[in-house]
Amino acid sequence: MFLPVSREEMTRRGWAELDVIFVSGDAYIDHPTFGAPLLARWLESHGFRVGIIAQPDWHSKDAFMVLGRPKLFFAVSAGAMDSMVAHYTPARKLRHDDAYTPGNRHGARPNRATIVYTSRLKEAYKDVPVVIGGIEASLRRFAHYDFWEDAVRRSILVDSKADLLIYGMAERALLEVAVRMRNGERLTQIMDVRGTCRIAKPDHHPESATDREPDALLEIPSFEDAAADRQRFADAFRLAYAEQNPWVGRAVVQRHGGRLLVCYPPALPLSGPEMDALYALPFEKNPHPSYTEAIPAWSQIRSSITSHRGCYGGCAFCAITMHQGKQIQSRSQESIVAEAAALGRQHWFGGSISDVGGPTANMYGTGCGAPDGGRGCRRESCLYPSACRHLAVDDRRALSLLKAVRGVSGVRHCTVSSGVRYDLLERQPGYFRELVGYHVGGLLKVAPEHLADHVAALMRKPGRKRFEDFLHRFREESALAGKRQHIIPYLMSGHPGCTLEDMLELALALKKLGLKVEQVQDFTPTPGTLSSCMYHTGIDPLRGTRISVPKSDREKRLQKSLLLCHLPAERPYVREALELLGKKELLGELTGLRAAPFVRGDSPGGPVRLHGKGKRKAR
Ligand code: SF4
């Protein structure tokens, strides 16, 4: 049975009142991939009565009152994506679609949904606590750079006026808060829960805000300092970033005016049995029956299986480090095989599992092999700048898993469409062979992101040589398996530290390797990432070095065009980029056209000012 979304559905369950009501910016799809249903089912399994208000009309408070007043609190999330990322392109243009909404329609949630939803709830029920969470709240928990305002904003906990923020994967924190409130504690008395942030009163000394020892607190530069001074912003980021290990991380305090944001250490990771129990909850594995239109996000994931969470790669532009953490939390093979078998029983299942993976597919079953299990570790990545000697990447579990899923009755194909780390595959020969032999489906997604080594280093990626070695082996293994298969390289333009010259180097390297790119991600400084800090400050906060940052739309457009140089529509931009670099002779090599003299006005848009190394070449 679906969780109730209306009074009628509450009545059908015999519930007059709910304990916790989830408010989400996504449509209600009862599947563990989506945060609100996952957490709602988790609380339900611990005896709480929960309901869901999905994509409420935020123009008045009425839609927030359809399930009545909850006994404990409202739990608010913007949805699976930050609402600003969901609504705008990297060029800050409004998107016209939304994959998490029936009919793929834009406009079912507001900009800054967490803040708007909280405000409506406070209008509706002034005295009911509101707990915010999900990716939007999690990544905006400290003072952060907001690309859409081009300004540093306060913690979203301050701006939303919510009562508590839960960051990261929320099962433990949410359950502890709910249980303690059920046992009679008021939310304002709950001051010490891992994975949460709260606001302390102006006269409240931070050391009394936690039951931890005083030396377990770290104060970072205040919102006001970080907003006024880029170096102070970079310092605040570096200090908070270093406290992500749940075992040694300290509570972090950041002043906002007279108030104190207190961010407790991250929640401890879930064990394998806990992960299994979570994914065995009675999900309907379908969108709520009230929807009459298709939801694209559902079509994408309905035949996929999550095998684990967490990623220890530490890529600079990725939110996983600050949200899921770097500890890999893997489900057991039995649990995943049971899910595959259940998929096989769905009437719509055609025999193909579209993915068995997580943030990085080949991290399943791997992790820290240090004697203390990484409890004392302060490295932000287990793979960068080189693989840690303690990293245990044994591929036997992952290999056995793929074979087992392939053998499930009713499963004809099982592809791995989550990205893989190719620098790990070097050390996972069995998994590599299995992947190439049975699970690629003709195309394997990998994310070198850049092949100019200094840019790859800023991204915390392995660089050109590792990628070339991998590509060589992939082609060899595919030939051995008798298959014609290809790589889809995910690449990024416009990253901090990347010049037009670097993009030319990348384009020429791809040509040499015989790779064509269909899609290029133009870097977007999403809240809370290392790369966004570089974008805003021009500083690599972990190394303390200054870097140049491409910021103008025009320069970013030219960077992108060099990767898409084989497309006719890009040729005017490619020509302009080459002219700026003084490399007109490369036009033929990149586009297949004869070099032609540059005519100003030939490309759409005016002249461009370059930053960094490319500037030397500009006219
Ligand atoms: S000790 Fe090494 S493998 Fe373990 S968490 Fe730290 S970096 Fe990763």
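In this text the structure is predicted, and so the values were computed from the model without any measurement.

Peer 1: Describe in detail the sheet that holds strand S8 (residues 164-166), supporting the description with residues and values.
Peer 2: One open sheet holds the nine strands; their spatial order is S3-S1-S4-S5-S8-S9-S12-S11-S10, and the pairing between them is mixed. With partners counted over all chains shown, the strands left at the sheet margins are strand S3 (50-54) and strand S10 (217-220), one partner each. If you compare each strand with its neighbour and ignore which way they point, the axes differ by 25° on average. Against the sheet, helix H4 (residues 113-124) makes contact with strand S1 (20-24), strand S4 (73-77) and strand S5 (130-133), and its axis sits at roughly 160° relative to S4, the strand it touches most.

Peer 1: Go over the site of the ligand with me, naming the residues and quoting the values.
Peer 2: Taken together, Lys326, Cys368, Cys377, Arg379, Cys382, Cys388, His390 and Leu391 make up all the residues around the ligand. Broken down by class, the residue content of the shell around the ligand amounts to five nonpolar, one polar and two charged.

Peer 1: Quick one: what's the story with the pattern of salt bridges, residue by residue and with numbers?
Peer 2: What the rule picks out here adds up to 42 salt bridges. In this structure, the salt-bridge partner of glutamate 123 is arginine 120, at a minimum N-O distance of 2.9 Å. One end of the pair, glutamate 123, and the other, arginine 120, are both in helix H4, three residues apart, so they sit about a helical turn from each other. Judged by relative accessible area, glutamate 123 falls into the partly exposed class, the value being 45%. Between arginine 154 and aspartate 159 there is a salt bridge; the shortest N-O distance is 2.8 Å. For arginine 154, a relative accessible area of 31% gives the class partly exposed. Aspartate 159 sits in the buried class, given a relative accessible area of 16%. A cluster of three or more residues bridged by salt bridges with shared partners is formed by Asp82, Arg112, Arg140, Asp146, Glu149, Arg153, Arg154 and Asp159.

Peer 1: So what's going on with the domain arrangement of the chain? Residues and values would help.
Peer 2: Each domain of the chain was delimited in the assignment, giving domain 1 (7-192) and domain 2 (442-619). A separation of 37 Å is found between the C-alpha centroids of domain 1 and domain 2. With 10 residues of domain 1 in contact, the opposing surface of domain 2 contributes 10 residues. When domain 1 packs against domain 2, the two sides together hide about 960 Å² of surface, and 69% of this comes from carbon and sulfur.

Peer 1: Before we move on, can you summarise the state of the cysteines with the specific residues and values?
Peer 2: Enumeration according to the criterion identifies zero disulfides in this entry. Free cysteine: cysteine 315, not disulfide-bonded; nearest cysteine sulfur from cysteine 311 at 6.2 Å. For cysteine 315, a relative accessible area of 12% translates into the label buried. We note that cysteine 318 lacks a disulfide partner, and the nearest cysteine sulfur, in cysteine 315, lies 6.2 Å from it.

Peer 1: Give me the packing of helix H19 (residues 500-513) against helix H21 (residues 553-563): which residues, what numbers.
Peer 2: For the pair H19 and H21, the least separation of the axes is 8 Å and the interaxial angle reads 15°. Relative to H21, H19 is oriented roughly parallel. Judged by the twist between their axes, the crossing of H19 over H21 is right-handed. Across the interface between the two elements, Leu500, Met503, Leu504, Leu506, Ala507 and Leu510 from H19 touch Glu555, Leu558, Gln559, Leu562 and Leu563 from H21.

Cut-offs and rules
- Residues numbered from 1 in each chain as written.
- Predicted model: local features only at pLDDT ≥ 70, side-chain atom pairs only at ≥ 80, totals over all residues.
- Heavy atoms only, no water.
- Pairing = 2+ DSSP bridges.
- Helix = DSSP H or I, 4+ residues; strand = E, 2+ residues; numbered from the N terminus.
- Axes fitted to C-alpha atoms, helices over the stretch in contact; angles between N-to-C directions.
- Contact = heavy atoms within 4.5 Å.
- Near = heavy atom within 4 Å.
- Nonpolar A, V, L, I, M, F, W, Y, C, P; charged D, E, K, R; others polar.
- Salt bridge = Lys/Arg side-chain N within 4 Å of Asp/Glu carboxyl O.
- Buried < 20%, exposed > 50% of the residue type's maximum accessible area, 1.4 Å probe, protein only.
- Domains from an automatic or database assignment.
- Buried area = accessible area lost by both parts, 1.4 Å probe.
- Disulfide = S-S within 2.5 Å.
- Parallel < 35°, antiparallel > 145°, perpendicular 65-115°, else oblique.
- Left-handed = near helix turned anticlockwise from the far one by under 90°.

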